[in-house]
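Residues per chain are reported as follows:
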Amino acid sequence: EKMNPCDVLVLLSAYQSIIVEDIFEHNGTVDKLMGNAVMTIFFCLNPVETMLKNAFDSAEAMNIKH
């Protein structure tokens, strides 16, 4: 609340860059960015378990690295 709006945009941009990188590394794609939320889709031609593992691994990477 107390941050300058320009500083908030810089912070969100840096955050989104990091998060999007983790998503792409795990075969995901970004549907939309909404503030600090990222709607992500994990497509694959493999079984559903692979898609779910990619989504989990992406979330785990975000949690561990950031």
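As shown above, the structure is provided for reference.
Residues numbered from 1 in each chain as written. Predicted model: local features only at pLDDT ≥ 70, side-chain atom pairs only at ≥ 80, totals over all residues. Heavy atoms only, no water.

*Asks:* Please explain the overall build of the protein as it appears in this structure.
*Replies:* What the protein contains, in helices and strands, is two helices and two strands. If you list the helices and strands of the protein from N to C, you get α-β-β-α. What you see for the protein is a C-alpha radius of gyration of 14 Å, clearly larger than the 11 Å of a compact globule of 66 residues, by over 25%. About 5,000 Å² of surface is accessible on the protein, with carbon and sulfur atoms providing 62% of the total. Charged side chains in the protein number 4 positive and 9 negative. The centres of these two groups are separated by 4 Å. (Helix = DSSP H or I, 4+ residues; strand = E, 2+ residues; numbered from the N terminus. Rg over C-alpha atoms; globule rule 2.2 N^0.38 Å. Areas by Shrake-Rupley, 256 points an atom, 1.4 Å probe, with all protein chains shown as cover. Lys, Arg positive; Asp, Glu negative; His and termini not counted. Charge placed at Lys NZ, Arg CZ, Asp CG, Glu CD.)

*Asks:* Even after reading the chapter, I still don't get the pairing of strand β2 (residues 37-42), so can you show me in this structure?
*Replies:* The two faces of the sheet receive side chains in turn, since in a regular strand these alternate between them. Pairing geometry for strand β1 (residues 28-34) and β2, over six bridges, is antiparallel. Of the residues in β2, the one forming a bridge with K32 is M39. (Pairing = 2+ DSSP bridges.)

*Asks:* Is there a simple way to think about unusual backbone geometry in this case?
*Replies:* Glycine aside, residues mostly have negative phi angles, and peptide bonds mostly take the trans form. Unlike most non-glycine residues, N27 shows phi in positive territory, near 65°. Among the secondary structure elements, N27 is positioned in the loop between α1 (5-25) and β1.

*Asks:* When you look at the pattern of salt bridges in this model, what are you seeing that I'm missing?
*Replies:* Should their charged atoms come close, side chains of opposite charge can pair. Inspection of every chain in the model, using the stated rule, returns one salt bridge. For D57, the salt bridge is made with K53, and the minimal N-O distance between the two is 2.7 Å. In this pair, D57 and K53 are both assigned in helix α2 (residues 48-65), four residues apart and thus about one turn of the helix distant. Accessibility expressed as a relative area gives 18% for D57, which makes it buried. (Salt bridge = Lys/Arg side-chain N within 4 Å of Asp/Glu carboxyl O. Buried < 20%, exposed > 50% of the residue type's maximum accessible area, 1.4 Å probe, protein only.)

*Asks:* What's the story with the side chain of S58 in this structure? I'm lost.
*Replies:* Here S58 is to be found in helix α2. With relative accessibility at 1%, the residue S58 sits in the buried group. With residues up to four places along the chain from it excluded, the contact list for S58 reads D22, I23, H26 and F42. (Contact = heavy atoms within 4.5 Å.)

*Asks:* Sorry if this is basic, but what is going on with α1 here?
*Replies:* Residues spaced three or four apart along an α-helix point in a common direction, a consequence of the helix completing one turn every 3.6 residues. In this model α1 runs 30 Å from its N-terminal to its C-terminal C-alpha over 21 residues, within 8% of the 30 Å that 1.5 Å per residue would give. Taken together, the buried positions of α1 are Q16, I19, V20, D22 and I23. Along the axis of α1, the buried positions cluster into a sector of 150°, meaning they face one direction only. In α1, the exposed positions that point more than 90 degrees away from the buried face belong to C6, V10 and L11. (Expected span 1.5 Å × (residues − 1). Arc of directions from axis to C-beta.)

Limitation: the analysis is restricted to geometry and does not speak to function.
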